[in-house]
There are 2 protein chains.
Amino acid sequence: MERVESHASFGGRQEVWRHASTSTGTEMRFGIYLPAQALAGEKCPVLYWLSGLTCTEQNFITKAGAQEHAARHGLIVVAPDTSPRGEAVANDPAYDLGQGAGFYVNATQAPWAPHFRMQDYVAQELPALVEQHFPASAARSISGHSMGGHGALVTALRHPGRYRSVSAFSPIVAPSQVPWGQKALTAYLGADRASWAAWDAVELVKGASERLPLLIDQGDADEFLAGQLQPHLLQAACHAAGHPLTLRLQPGYDHSYYFIASFLGEHFAHHAQALRG
Amino acid sequence: MERVESHASFGGRQEVWRHASTSTGTEMRFGIYLPAQALAGEKCPVLYWLSGLTCTEQNFITKAGAQEHAARHGLIVVAPDTSPRGEAVANDPAYDLGQGAGFYVNATQAPWAPHFRMQDYVAQELPALVEQHFPASAARSISGHSMGGHGALVTALRHPGRYRSVSAFSPIVAPSQVPWGQKALTAYLGADRASWAAWDAVELVKGASERLPLLIDQGDADEFLAGQLQPHLLQAACHAAGHPLTLRLQPGYDHSYYFIASFLGEHFAHHAQALRG
């Protein structure tokens, strides 16, 4: 574990750490915001944020305005990179596969299987690391954007009892049914669609043993809404399964961090209520 | 005038425009946040933001979290690029001279004089453009960071009555006395130091006809504090001249946008009080 950045921010500190990951077999980086309470040694709840395609650990910590909300609610916020990286790691020239596009799954197919184990990383290794090395309690929530919204929903649905709350911005809710997801799941898991269901929020809500309410914000001017995101598929699945969902279509908003920043305060309030309420 | 970006943000819109500048003889870009009141056609006051070395119009609009504050106070926020740019424009390989480092002066020396007229641009052309093309009132304030903090102080001090309020983060207060400033002023204005005084806040407060209060935040862990910024020089000049100054040393904060974001809300409140109070 090595700290590579540390900045005072809203009375706490925004840091970036790198470490050798046992899940991915590579160096991984994550951003972590430590509110003043954590700096004083008080154990604080943790909100995990999963970013979207092409992002690193930098996008969320520089563009979302999260620190103000984290400081106000006394939350630690952890934002990992979106995939393993490096010359020894498989890649693809497209922006939506390989490095920067891990989709938060455990890959089973060549050439991805050796390093692309992002689900193990975000659900197991990273929380264990955070709770060992920082003043973090075991109270966890999870959120994310686009590919990371998919990651947040799937990670929470796959681990009943692990998270107190979950939310997403512009998530890929049905990767089995849209181009981004079909390309990634075929590459990482193979052509057998039966293996995809365990990584698809629309499929997972059908058999969810825990009825963790889902909070989703989606801009109605999002260029990826009709082709890649299709939140109505999750709405129909939740309705059929009796799974609680709050899906808010935000008029005029696009897919950018300007959208995330506009509603992030409300997501923090939602998570803080579950984590500290 | 062509709009090159437009994003819904906190009930308003964050836009980026480009236009042919008569001041610089180049294309210039600026970011503009239009709060909901402006979108509804109400004339709103304008806060101008001048960025620091290496920045474009993007840094402030993506990293500072300004939109939330602008929306709350009903302010338009205009953030121009930091210099003329392009293959036909003089440049220097160093990060602190030439493109991205205009220092908000009107250059008199070759090869800079033809295009590096950033003072005319930010003080005259840009406000006229904004007040003509957007629902902007003539109530103006100005702020900035580092080189842009210098720009904000100097522009306000050179134009008594033009701005309702001025503030700065980590400004270069005495360019005549520090390496960044000495290099830039020598290049843009020539070796005769007499010509520098009109572009140096410490010199300008000595003869200021308007006692516009200066609000400055400075991190005490800023790596440039001792070598380039030296706010005590402005403190001494203001004390000697009887010029009102609020200089706040913020413990633990560095030179980054994490610092700016942490205190930007207080600067917006200061400017909103002057613009709408």
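Sequence order sets the numbering: in each chain, residues are counted from 1 along the sequence as written. All chains are assigned letters beginning with A, and all ligands numbers beginning with 1, in the order in which they are written. pLDDT decides what is reported in this predicted model: residues at 70 or higher carry local features, side-chain atom pairs at 80 or more are listed and counted, and totals for whole chains, interfaces and linings draw on all residues regardless. Only heavy atoms go into the side-chain values, all of them from the structure, while hydrogens and water stay out.

A. Geometry of the overall build of chain A. Helix and strand counts for chain A come out as 10 helices and 9 strands. Classification of residues uses two cut-offs on accessible area relative to the type maximum, computed with a 1.4 Å probe and protein chains only: under 20% is buried, over 50% is exposed, and between them is partly exposed. Looking at chain A as a whole, 61% of its 277 residues qualify as buried. Only the protein chains shown count as cover for residues, and all accessible areas are computed by the Shrake-Rupley method using a 1.4 Å probe. Approximately 9,600 Å² of chain A is accessible, and the part contributed by carbon and sulfur atoms is 52%. Positive charges are assigned to Lys and Arg, negative charges to Asp and Glu, while His and the chain termini are left out of the count. Think of each charge as sitting on NZ of Lys, CZ of Arg, CG of Asp or CD of Glu. Charge separation in chain A, taken as the distance between the mean sites of 19 positive and 24 negative side-chain charges, equals 6 Å. The numbering of helices and of strands both runs from the N terminus, where a helix is a DSSP run of H or I of at least 4 residues and a strand a run of E of at least 2.

B. Examining the packing of helix α3 (residues 66-73) of chain A against helix α10 (residues 257-276) of chain A more closely. Residue and element names in this part refer to chain A. Axis lines are fitted to C-alpha atoms, over the contacting stretch for helices. Their N-to-C directions set the angle, which ranges from 0 to 180 degrees. Taken N-terminus to C-terminus, the directions of α3 and α10 make an angle of 30°; their axes are 10 Å apart at the nearest point. In terms of axis orientation, α3 runs roughly parallel to α10. The element α3 and its partner α10 pack so that their crossing is right-handed. Along its contact with α3, which presents Ala66, His69, Ala70 and His73, the element α10 presents Leu264, Gly265, Phe268, Ala269, Ala272 and Arg276. All residues other than Ala, Val, Leu, Ile, Met, Phe, Trp, Tyr, Cys, Pro, Asp, Glu, Lys and Arg, Gly among them, are scored as polar; the first ten of these are nonpolar and the last four charged. Broken down by class, the residue content of the contact of α3 with α10 amounts to 6 nonpolar, 3 polar and 1 charged. Any angle that falls under 35 degrees is termed roughly parallel, while one over 145 is termed roughly antiparallel, one within 65 to 115 roughly perpendicular, and all others oblique. When the near helix sits turned anticlockwise from the far one by under a right angle, the crossing is termed left-handed; a clockwise turn instead gives a right-handed crossing. For this analysis, residues touch if any pair of their heavy atoms sits within 4.5 Å.

C. Examining the relation of the copies chain A and chain B more closely. We superpose the copies by least squares over the C-alpha atoms of residues that have a pLDDT of at least 70 in both of them. The transformation that overlays chain A on chain B combines an axial shift of 0.0 Å with a rotation of 180°, and the residual RMSD is 0.0 Å. Considering both components of the superposition, the chain copies are consistent with a two-fold axis. When the interface residues of chain A are mapped onto chain B, 100% of them are again interface residues, pointing to one common binding face.

D. Layout of helix α5 (residues 147-158) of chain B. Residue and element names in this part refer to chain B. Working rule for helices: expected span equals 1.5 Å times residues minus one. In this model α5 runs 16 Å from its N-terminal to its C-terminal C-alpha over 12 residues, within 8% of the 16 Å that 1.5 Å per residue would give. The element α5 is extensively covered by neighbouring structure, given that 11 of its 12 residues are classed as buried. Of the residues making up α5, those classed as buried are Met147, Gly148, Gly149, His150, Gly151, Ala152, Leu153, Val154, Thr155, Ala156 and Leu157.

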